[in-house]
Amino acid sequence: MTEWWRGAVVYQIWPRSFADSDGDGIGDLRGVIGKLDYLADLRVEGVWLSPFFTSPMADYGYDVADYCDVDPTFGTLADFDELLAEAHARDLKIIIDQVYSHTSDQHAWFKESRQDRTNPKADWYVWAEAKEDGSPPNNWLSVFGGSAWAWDTRRRQYYLHNFLTEQPDLDFHNPEVQEAVLDVARFWLDRGVDGFRLDVANYFFHDAELRDNPEAGTLGHARPSQFQQHLYERSRPETLEFVKRLRTLLDSYGNRMAVAEIDSTSPTKRSIEYTEDRSLLHTAYNFQFLRADTLTPQLIRETVEEWEATEAWPSWSFSNHDVRRAVTRWGGEEGGDVLAKQLLTLLCCLRGTVFLYQGDELGLPQADLRFEDLRDPEAIRFWPEDLGRDGARTPMPWEAKAPHAGFTTGTPWMKIDDRHSQATAADQQADAGSVLRHAQAVLALRNSSQALRSGSISFRTTPSPLLVFERHTDNETLLCAFNLSNEEIQFDPGPQFEILPVSVGGSQSEGRLVIAPRGSIIGRLGTR
């Protein structure tokens, strides 16, 4: 059986900001349906839908109030079923977010759990007694700042929330919770989804003894939670046993998959731990690249080679809904179309499964927002040092001549950056030299090349800032070279080197390859 996800390119959609079909200013599932041909033309093989479930939207869908229904903001279950059918008709796979670590405080499970200490769901969440002085049971800190414990006046106990107070953590030590979560997975697998993206997959279990986390031992942290080593409230060994149960369920449905999001201070090591055995998850991505302030050959090589030393299958992404867009993060004011093309090419040349965030195929920079424009609770809390996630979540620009860049006929839920309105999908489709047309070409090459899709990878030793690696199969060897600097670089690629048309900023002179600043070169190698 061919594993569809192995080597595939999956396009991430943030539904609220993708396409609005009814003019209320918020993207929806029918908006996604209307853009499926665009995704097919882009030549991606799958779509990851960020949360569209019933939610009070304290954390924009990552606070789920009903796992098995669609929030009216986004449509109905019938809309989802139609989206799934229309995607499959275009040979597009659909994977959906699953947020198992925590629910909304408006979920029926939590509403029942907090009523008293004896109800049927009393121990479905992580409850704990206060210390004698009334303070929280331990020193665990929320990712969003402050204590990870909130006091509930009815139960006169604290409950755990690794994120917002509106996001209480489920207690996976309770077998009934595990069964309920697996039932949620069955609900969507029965509807025909092709897989899951598991939100903070290493957060499911906590230390049953509620031991204090030790200090991290370094200074200069941007957030309180970074002052601690996260030994006891995440990445617990019990999580792997539940992961095995989930994998068994997925395997019983045939060619389905799960990609884990791993948030850890040892990101690559932890991701490998969750995927290195076929009884665990299929693949994982982490924040090794997503949070990196600088892109260097050393970072790429060391990260990839750490994976290559194992049997685990990696996934890669440079941008998503949780971080600043890569073209801004790594290019700053100098970021532009050339850098955007380089990043698209590099991402699609890596060995693994690729996750491409909406708008990156257009080369969109991080949106410039004022404080009053912000919607993200994380952004608001950590302003101004951390600009948060909103700048990567603004509406997609579709048509320059249409109101609000074609995203909606109403008032968009969030401001659209003027630079985005000048880089619309329609305009770029009409421009043979655009980032979008380059993305289509690179994806077409990846889909047609077994070397890029599933071949091995080996790095050449070259001086920084030149990154060079080869992708191999028995029948083909491709050399991939990237100039990560703003200065021209030359090097010898080897005999019979043929530059492929998707390359940007490369030429050959007397057997040497000349790569322009931020150039990206893919070529076929002859016999050495």
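Above this text is the structure in question.
Residues numbered from 1 in each chain as written. Predicted model: local features only at pLDDT ≥ 70, side-chain atom pairs only at ≥ 80, totals over all residues. Heavy atoms only, no water.

> Would you mind going over the overall build of the chain with me for this structure?
Of regular secondary structure, the chain possesses 15 helices and 20 strands. Against the globule reference of 24 Å for 528 residues, the chain gives a C-alpha radius of gyration of 23 Å, in line with a compact fold. Each principal axis of the C-alpha atoms in the chain carries an extent, and together these give about 80 × 50 × 50 Å. Here the chain holds 528 residues, and the buried ones make up 61% of them. A separation threshold of at least 6 residues defines the contact pool for the chain, and within that pool the share at least 24 residues apart is 68%. Accessible surface computed for the chain: about 20,400 Å², of which carbon and sulfur atoms make up 46%. Counting 53 positive and 82 negative side-chain charges, the chain places the centres of these two groups 2 Å from one another. (Helix = DSSP H or I, 4+ residues; strand = E, 2+ residues; numbered from the N terminus. Rg over C-alpha atoms; globule rule 2.2 N^0.38 Å. Buried < 20%, exposed > 50% of the residue type's maximum accessible area, 1.4 Å probe, protein only. Contact = heavy atoms within 4.5 Å. Areas by Shrake-Rupley, 256 points an atom, 1.4 Å probe, with all protein chains shown as cover. Lys, Arg positive; Asp, Glu negative; His and termini not counted. Charge placed at Lys NZ, Arg CZ, Asp CG, Glu CD.)

> What's the story with the pattern of salt bridges in this structure? I'm lost.
Pairs can form between side chains of opposite charge whenever their charged atoms are close. Under the defined criterion, the tally for this structure stands at 38 salt bridges. A salt bridge links glutamate 129 to arginine 117; the shortest N-O distance between them is 2.6 Å. Highlighted residues: glutamate 129 in the loop between strand E6 (127-128) and strand E7 (149-152) and arginine 117 in the loop between helix H4 (108-113) and E6, separated in sequence by 12 residues. Given the relative accessible area of 43%, glutamate 129 is considered partly exposed. With a relative accessible area of 41%, arginine 117 lands in the partly exposed category. Linking glutamate 378 and arginine 389 is a salt bridge whose minimum nitrogen-to-oxygen distance equals 2.9 Å. Taken together, the residues span a long stretch of sequence, with glutamate 378 in helix H11 (residues 377-382) and arginine 389 in the loop between H11 and helix H12 (418-421) at a distance of 11 residues. (Salt bridge = Lys/Arg side-chain N within 4 Å of Asp/Glu carboxyl O.)

> What exactly am I supposed to notice about helix H10 (residues 337-349) here?
Helical geometry: 3.6 residues make up each α-helical turn, so side chains three or four residues apart lie on a common side. In this model H10 runs 18 Å from its N-terminal to its C-terminal C-alpha over 13 residues, within 8% of the 18 Å that 1.5 Å per residue would give. Within H10, 11 of the 13 residues are buried, which leaves it mostly tucked inside the rest of the structure. Listed as buried for H10 are Leu339, Ala340, Lys341, Gln342, Leu343, Leu344, Thr345, Leu346, Leu347, Cys348 and Cys349. (Expected span 1.5 Å × (residues − 1).)

> Teacher, can you tell me more about the sheet that holds E7 here?
Paired through backbone hydrogen bonds, the strands of a sheet run either parallel or antiparallel to each other. Taken in spatial order, the 3 strands line up as E6-E8-E7 in an open sheet, and their pairing is antiparallel. Unpaired on one side and paired on the other, E6 and E7 mark the two borders of the sheet. As paired elements, E7 and strand E8 (residues 157-160) share 4 bridges and run antiparallel to each other. Bridge pairing in E8 links alanine 150 to tyrosine 159. (Pairing = 2+ DSSP bridges.)

> I would appreciate a short explanation of the sheet that holds strand E12 (residues 315-316) in the present structure.
Here 8 strands make up an open sheet; going across it, the order is E11-E10-E9-E5-E2-E1-E13-E12 and the pairing parallel. A strand with exactly one partner marks an edge of an open sheet, and here the two such strands are strand E11 (283-286) and E12. Note that strand E1 (residues 9-13) and strand E2 (residues 46-49) share 4 bridges and pair parallel. Opposite tyrosine 11, over in E2, you have valine 47 as the bridge partner. Of the strands in this sheet, E2 and strand E5 (93-98) are in contact with helix H3 (residues 77-89), which crosses E5 at around 140°. Each of E12 and strand E13 (353-357) touches H10; the most contacted strand, E13, lies at about 155° to it. (Axes fitted to C-alpha atoms, helices over the stretch in contact; angles between N-to-C directions.)

> I'm lost on the packing of helix H5 (residues 175-191) against helix H6 (residues 238-251) in this one. Help?
When two helices pack together, their arrangement is given by the angle between the helix axes and by the axis-to-axis distance. Contact pair H5 / H6: the axes reach a minimum separation of 11 Å and the direction vectors enclose 25°. Taken together, the axes of H5 and H6 are roughly parallel relative to one another. Of the two possible hands of crossing, H5 and H6 adopt the one that is right-handed. Only Phe242, Arg245, Leu246, Leu249 and Leu250 of H6 make contact with H5, whose side of the interface consists of Gln178, Glu179, Val181, Leu182, Ala185, Arg186 and Leu189. When grouped by side-chain class, the residues that make up the contact of H5 with H6 number 8 nonpolar, 1 polar and 3 charged. (Parallel < 35°, antiparallel > 145°, perpendicular 65-115°, else oblique. Left-handed = near helix turned anticlockwise from the far one by under 90°. Nonpolar A, V, L, I, M, F, W, Y, C, P; charged D, E, K, R; others polar.)

> Just to check I follow, could you spell out H3 for this structure?
Here H3 is 13 residues long and its end C-alpha atoms lie 18 Å apart, about the 18 Å a rise of 1.5 Å per residue gives. If you check which residues of H3 are buried, you get Leu77, Asp79, Phe80, Leu83, Leu84 and Ala87. Buried positions in H3, seen along its axis, are confined to an arc of 155° and lie on one side of it. Those residues of H3 that are exposed and aimed more than 90 degrees away from the buried face are Ala78 and Ala89. Tucked inside the fold, the buried residues of H3 contact helix H1 (29-34), helix H2 (36-42), E2, strand E4 (66-70), E5 and H5. Of the residues trailing H3, aspartate 91 is marked for its positive phi of about 60°. (Arc of directions from axis to C-beta.)

Scope: geometric values only; no functional claims are made or implied.
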